[in-house]
Number of protein chains: 2
Amino acid sequence: MTAKLFNKVVVFGVGLIGGSFALALRKAHAVESVVGFGRSKQTLVHAKQLGIIDSIGEDVSAEVADADLVMLATPVGQMGELMAGIAPHLGPQTIITDAGSTKVEVVREAYAQLGSKFAQFVPAHPIAGAEQSGAMAARSDLFQWKKVVLTPLPENSAVSVDRVRRAWEQCGAMVSTMTPTQHDEVFAVVSHLPHLLSYALVHDIAQRDNRDLLLSFAASGFRDFTRIAASSPEMWRDICMGNRDALLAELKIYIAELNRMSAALEAGDAEQLEQTFLSARTLRAGWTLK
Amino acid sequence: MTAKLFNKVVVFGVGLIGGSFALALRKAHAVESVVGFGRSKQTLVHAKQLGIIDSIGEDVSAEVADADLVMLATPVGQMGELMAGIAPHLGPQTIITDAGSTKVEVVREAYAQLGSKFAQFVPAHPIAGAEQSGAMAARSDLFQWKKVVLTPLPENSAVSVDRVRRAWEQCGAMVSTMTPTQHDEVFAVVSHLPHLLSYALVHDIAQRDNRDLLLSFAASGFRDFTRIAASSPEMWRDICMGNRDALLAELKIYIAELNRMSAALEAGDAEQLEQTFLSARTLRAGWTLK
């Protein structure tokens, strides 16, 4: 019998992402045992009952000392404090990784909090829909054919990066790499900004006295446009704050685009509107999510 | 055998909406014969082959003279010209209706173009997804359980309004009424603005050299947010121009909302962002499209 990829994996935050990562590794026989930590004892009890984790962690220092892999799957805003808590106890062989949706800020925190263990941190971001959340939503196939971006650090050993890559490949994911800055710029455009825009529209409606009437006439276009406005406010607050610079830059570009459209409308410039719509339609109609 | 609701219906624009309306009436045995007019001869030939229409109209004046119902299912920008062309020929018993997504502008055109026949025009708007288009996409059940808004005019006879209502009920739709102005304000918020916003984001990406890279990392949130950016540019140009005032007012409110979010981000005001997201999430998570 061949050795498993990991003997022991410790997951902080056994929700949709952390729980699905654990389930997928277990299903692939890539891990011997999984230990879970989290803010809610009840969630951890459920996770154990559901076979997501083998045991509920009690003592952080003891558990991370002999772990092969520590996965941080909490909202990004909690990662700094978490890193500070585990840094002194990480064994020399322990790789630490994360599943945060922003990377520059997480790397900055890791640099500040992990000290001499910084090189053991291999940042990662699995691109999997997170409108649902919680351990109950975890599935072993969540990452099947999904993209995972690693943003390796110059300080990482090739072996550490390779082990994190193989972990995600065992989960069925397709792994690519870029720098933390590239990552944050890309996701500001295709993920963080759309979430902000969707929240903004629904918030705008939520403020109005006639919101129920308005919603009663909303159709499938509205339903899809606003689906992501049901995402976790805490998670998205952290993502927006964590990717503030890139997101602000994109938001300013977008507001300028809306101001141009507003001016075209005001001027009755139907031609400019149609050209804008046509350029968007051409790109969007030619794209499908793989 | 009971008489059918309509002996003869003439449809201008045998696309998704006009074609589905014809199919649904035929399936409900609510019409004896359907005549189709359109810009593309080939589409009309297809529509006849598909059993959507009984015959391809040749002579507008002859066909509308003895029709019970004339349905205008073209982009709203073409309706004025169309009305001008048919007005002199409409029989005294002929009801004219439309399926346009804006109502104030269409009513204004009807007033200008239909002259003494204005009272025969009963404006309507079926709320059915129109990302697909064309006669090939027409389905007899497109309007099943969908909402249709009538915006009757003070000049309409009760009988005319009732016949249009019954036509849509035969298609399986749920009919409600409001004024043209109310209609346009409601749909500026829940439909027209989201389309503009979705087009704006994709247009913004289409302008960039790295658009393919960006799209390669887009996930399901982006897919759903931008689905409506694949809608017909011509149709949405007309809708935006036709509902310019209400849409401009909503766009300005939305830009102000984005400027507030931008200021909160810039100030690092995580609390304000979270409150905004939470208010949106609460409303959106409690709503489902019926």
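What you see is a predicted model; the values in this text were computed from it and never measured. Sequence order as written defines the numbering, with residues in each chain counted from 1. Chains carry letters from A onward and ligands carry numbers from 1 onward, assigned in written order. Local features in a predicted model are, by the rule used here, given only for residues with pLDDT of at least 70; side-chain atom pairs are given and counted only at 80 or more, and totals for whole chains, interfaces and linings are based on all residues.

**Here we look at the confidence of the model for chain A**
Link 1 in the chain: Note on scores: pLDDT gives the predictor's confidence for each residue, bounded by 0 and 100. Per-chain confidence: chain A averages 95 in pLDDT, with 98% of residues scoring 70 or above.
Link 2 in the chain: On the interface metric, ipTM, the complex scores 0.89, and its pTM is 0.89.

**A short note on the interface of chain B and chain A**
Link 1 in the chain: At the junction of the two partners, chain B supplies 75 residues and chain A supplies 75 residues.
Link 2 in the chain: Secondary structure counts use DSSP, requiring at least four H or I residues in a row for a helix and at least two E residues in a row for a strand, with both numbered from the N terminus. Elements with a minimum of two residues in the side of chain B that touches chain A: helix H7 (180-206), helix H8 (211-216), helix H9 (220-225), helix H10 (233-242), helix H11 (244-266) and helix H12 (270-285) of chain B.
Link 3 in the chain: The greatest single-element share of the side of chain B that touches chain A, amounting to 18 residues, is contributed by H7 of chain B.
Link 4 in the chain: Residue polarity follows a fixed list, in which Ala, Val, Leu, Ile, Met, Phe, Trp, Tyr, Cys and Pro are nonpolar, Asp, Glu, Lys and Arg are charged, and the others, Gly among them, are polar. Looking at the side of chain B that touches chain A residue by residue, the class counts come to 46 nonpolar, 14 polar and 15 charged. Residue pairs are scored as contacts if the distance between their C-beta atoms, which are placed from the backbone, is within 7 Å.

**Things to note about unusual backbone geometry**
Backbone phi values are negative for most residues with the exception of glycine, while trans is the configuration of most peptide bonds.
Link 1 in the chain: One non-glycine residue, tryptophan 145 of chain A, adopts positive backbone phi at about 65 degrees.
Link 2 in the chain: Here tryptophan 145 of chain A lies in the loop between strand S7 (124-126) and strand S8 (147-150).
Link 3 in the chain: A positive phi is found at histidine 29 of chain B, a non-glycine position, where the angle reads about 55 degrees.
Link 4 in the chain: By secondary structure assignment, the location of histidine 29 of chain B is in the loop between helix H1 (16-27) and strand S2 (31-37).
Link 5 in the chain: Looking at histidine 29 of chain B, the number of C-beta atoms within 10 Å reads 12, which means it is exposed. Burial is judged by counting other C-beta atoms within 10 Å of a residue's own C-beta: 20 or more means buried, 12 or fewer means exposed, and anything between counts as partly exposed, with every C-beta placed from the backbone.

**With respect to the pairing of strand S2 (residues 31-37) of chain A**
Residue and element names in this part refer to chain A.
Link 1 in the chain: With five of seven residues buried, S2 is to be regarded as a mostly interior element.
Link 2 in the chain: The criterion for strand pairing is that DSSP finds at least two bridges linking the strands in question. The pairing of strand S1 (residues 6-12) with S2 spans six bridges and is classified as parallel. Each residue of the ladder has a partner; that of phenylalanine 6, found in S2, is valine 31.
Link 3 in the chain: Here is how to tell: hold the view so the strands point away, follow the path from the first strand over the helix to the second, and if it runs clockwise the crossover is right-handed. The handedness of the S1 to S2 crossover, carried by helix H1 (residues 16-27), is right-handed.
Link 4 in the chain: With two bridges connecting them, S2 and strand S3 (residues 55-56) associate as parallel partners. Considered in S3, the bridge of valine 35 is made with serine 55.

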